[in-house]
Amino acid sequence: MANITEAERHLVAASYHLLKALQASRVIGNDAGGILDELGLRLSTVIKLNDDQAENIKEIETRLITSHQAITSLHLSYSRIWASGPVIILEYLQAVREVQGLTETLEGMALNRTSKGVLDQAKTTLYMAMERLQNELIQILVQNRQCFEHEYTSSLPVFEVYPIYEESVISNDDDSAEDASLKGRSSSETEDCGMDLIHPDVVPQIKSIADTMFSSGYAPEFCLAFTAFWKDVFAEHSMILYVEQLSIEDVKQMEWKQMNSKIRKWRVAMRRIISVYLGSAKRLFDQVLGEYGHVSSACLLEASRGPLFCLLNFGHAVVIGPHKPEWLFCLLNMYEVLADLIPDLDALFPQEAESLIRIEFHELLSQLGESVRTIIEELGNRIATCTSATPFQNGGIHHLTKYLINYILCFAEYEDTLHFLLQDQEHNREHGDEERSTVARVDPNPSCALAAYLQSLTSILEAALDKKSSLYRDSSLKHIFLMNNIHYMVEKIKNSKICPYFGDDWIRKHIVMFRQHAMYYQRTTWSSLLTFLRDDGKTGKAALKARCQEFNAAFEDLYKSQTRWVVPDPQLREDVTIASSKTVIQVYRNFVNKIINSIGEKHIKYTEQELGMYVMDLLEGSSKSLSHSWKR
């Protein structure tokens, strides 16, 4: 039977007394008497039920007062209940659960004035307990939060690639690009191990608070307090990792070195925040809130929203910035870090409601890949249009050659990524921009898009060097220049990880090329000089003395100019000068032997040994002049 109000209860009681009075009178017939008897039975049942309810409410009120007193007493006795031992915690939770149960019972009754007052009292007690539980939660988190050892340091190796233009200042250390770790990963970047955000011993305590608040209807309050605490923690870690809000204009106005440093910090922050902090946070959130469906991942997203969007904004600002060659490796590093972390992000936020953050990071990955492709496409154009009106000094290795070869040597560090991006680019050209996976990888294969691209770059470089060589007036110096630069390309590539992308045929072909230029240098340099030493049919003393003087003058001019020329590779220089010495000395020896009896030793300015020594001085890059007194 449904519960009735206080007014209805009084009405039922009055009706029951009136019925009893009618039954006591003698004027009612048998049929009417039966009806009255049945009505009386029903009225007595109603009265009994209401009396029982009143008794129940009284009992509930008594139990509520006892629980309220227990809760209040524990509040006053212990500043931190969850630090007072399991007995006190259990006593407190039992008192709170008693209030929960009484509240649910009262809410199931039809309220009258008395029961409504008791329900209000129960809700007040429960609210008081929930406030205390929130405070206890924060105290547990603050007291037991693990202090991370921040191993992050800004001393990551710096890889500097300078803009391609004729006057660019390239490092004199040819191996600087190779020796530097392009990826620049310190232990702080690659340490993807998990860690406990909170001491493991208190996780059950936090869960007990969560379960109590959720079962009491205070789930939003728990989530708000729990999320706010970790939001502050993640913001603090972001500051330690130098994650800062930067606008697109801020990024565009940055100097290259500053941008390079910011990107390296971004990479470290991405790995630390996503793999370490949020990965650990997800484990904790799932331990505490996992049984409540999507609540765990929703709270995690809310707690981490600030740092994540800060990382996203920086990434978007970078890809909008200028696409210069020196940005390539930084962008590749960003791409690889993000590609590695995309599965982690998808696992952190699997719910449909959290799809926005996943989409944002996937879109950033796509944009980074497109920026890399843009730079790769433009690199060849920059090399081809790198012109100069003056020849490169002394025929040495051109800055452009050093730049490009050391630049492409670094591609080995990113071969899988470049394979994918270049093949993806070719696929798009052939099939259009169809939907594709942005984190796929392909197996290395020398006969692939990367091999074709690298060989196309060296072909463009060779064409550019050929144009630059035409600026030399001296044909010998032109061949020294081309020999130096092609030899540099061969030596760097054949001893590197990218050699398989060129293959043995390419190496052999280019060895032949620089040896041909060495041979052309020999012919061009010595052919005119040796004409003075060959028999021209004139055997008179004066003619022979004139030929000696002409040879000496020509050799001294050659010595003065070609000691200034440079062949930087010691072994190559030795090979060239030895070949020159062999070419000259044999002819010079024969010439001297033929004329010495005719003109006398005093007219022979240089001995065979001296001439050979002077030839070995050539191509050292330091101008010298001959000073030799005549023998008398």
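Please refer to the structure placed before this passage.
Okay, so let's go over this structure.

Calculation rules
- Residues numbered from 1 in each chain as written.
- Predicted model: local features only at pLDDT ≥ 70, side-chain atom pairs only at ≥ 80, totals over all residues.
- Heavy atoms only, no water.
- Helix = DSSP H or I, 4+ residues; strand = E, 2+ residues; numbered from the N terminus.
- Phe/Tyr/Trp six-rings, centres within 6.5 Å; stacked < 30°, edge-to-face > 60°.
- Buried < 20%, exposed > 50% of the residue type's maximum accessible area, 1.4 Å probe, protein only.
- Core = buried A, V, L, I, M, F, W, Y, C linked by side-chain atoms within 4.5 Å.
- Contact = heavy atoms within 4.5 Å.
- Axes fitted to C-alpha atoms, helices over the stretch in contact; angles between N-to-C directions.
- Parallel < 35°, antiparallel > 145°, perpendicular 65-115°, else oblique.
- Left-handed = near helix turned anticlockwise from the far one by under 90°.
- Nonpolar A, V, L, I, M, F, W, Y, C, P; charged D, E, K, R; others polar.
- Expected span 1.5 Å × (residues − 1).
- Arc of directions from axis to C-beta.

**Focus: the environment of Val319**
Along the chain, the position of Val319 falls in helix 11 (residues 295-320). Separated by 68 residues in sequence, Val319 and Val251 have C-alpha atoms that sit 9.9 Å apart.

**Focus on the packing of aromatic side chains**
For the structure on display, the rule yields 24 aromatic pairs. With 5.4 Å between their ring centres and 20° between their planes, Phe222 and Phe226 make a pair best called stacked. Taken together, the residues span about one helical turn, with Phe222 and Phe226 both in helix 8 (residues 219-240) at a distance of four residues. Phe226 matches Phe222 in its accessibility class, with the two residues each being buried. Both rings, one in Phe551 and one in Phe555, keep their centres 6.2 Å apart while their planes meet at 15°; by these two values the pair is stacked. Placement of both Phe551 and Phe555 in helix 19 (residues 541-562) is noted, with a separation of four residues, approximately one turn of the helix. Among the residues examined, Phe551 registers a relative accessible area of 1% and is labelled buried. Here the aromatic cluster, defined as three or more aromatic residues joined through ring pairs, consists of Phe214, Phe222, Phe226, Phe229, Trp230, Phe234, Phe285 and Tyr292.

**Points about the nonpolar core**
In terms of nonpolar packing, the biggest core is built from 185 residues, with Ile206, Phe222, Phe226, Trp230, Phe411 and Phe555 touching the most fellow members. With 17 residues, the single largest contributor to this core is helix 10 (residues 256-289). Excluding residues within four positions of it along the chain, Phe411 makes contact with Leu328, Phe329, Leu418, Leu450, Tyr453 and Leu454.

**Details of the packing of helix 16 (residues 449-469) against helix 17 (residues 475-494)**
With their axes 9 Å apart at the nearest point, helix 16 and helix 17 run at an angle of 160° to one another. Classified by the interaxial angle, the pair formed by helix 16 and helix 17 is roughly antiparallel. Every pair of crossing elements has a handedness; the one defined by helix 16 and helix 17 is right-handed. Touching Thr458, Leu461, Glu462, Leu465, Asp466, Lys468 and Ser469 of helix 16 are Lys478, Phe481, Leu482, Asn485, Met489 and Ile493, all from helix 17. Considering only residue class, the contact of helix 16 with helix 17 consists of six nonpolar, three polar and four charged.

**Here's the deal with helix 19**
The terminal C-alpha atoms of helix 19 lie 31 Å apart, and with 22 residues this matches the ideal 32 Å at 1.5 Å per residue to within 8%. For helix 19, every residue scored as buried is listed here: Leu544, Arg547, Cys548, Phe551, Asn552, Phe555, Leu558, Tyr559 and Gln562. Around the axis of helix 19, the buried residues are gathered within 135° of arc, so they sit on the same side. Those residues of helix 19 that are exposed and aimed more than 90 degrees away from the buried face are Ala542 and Asp557. As for helix 19, its buried residues are in contact with helix 17, helix 18 (503-530), helix 20 (570-599) and helix 21 (608-615).

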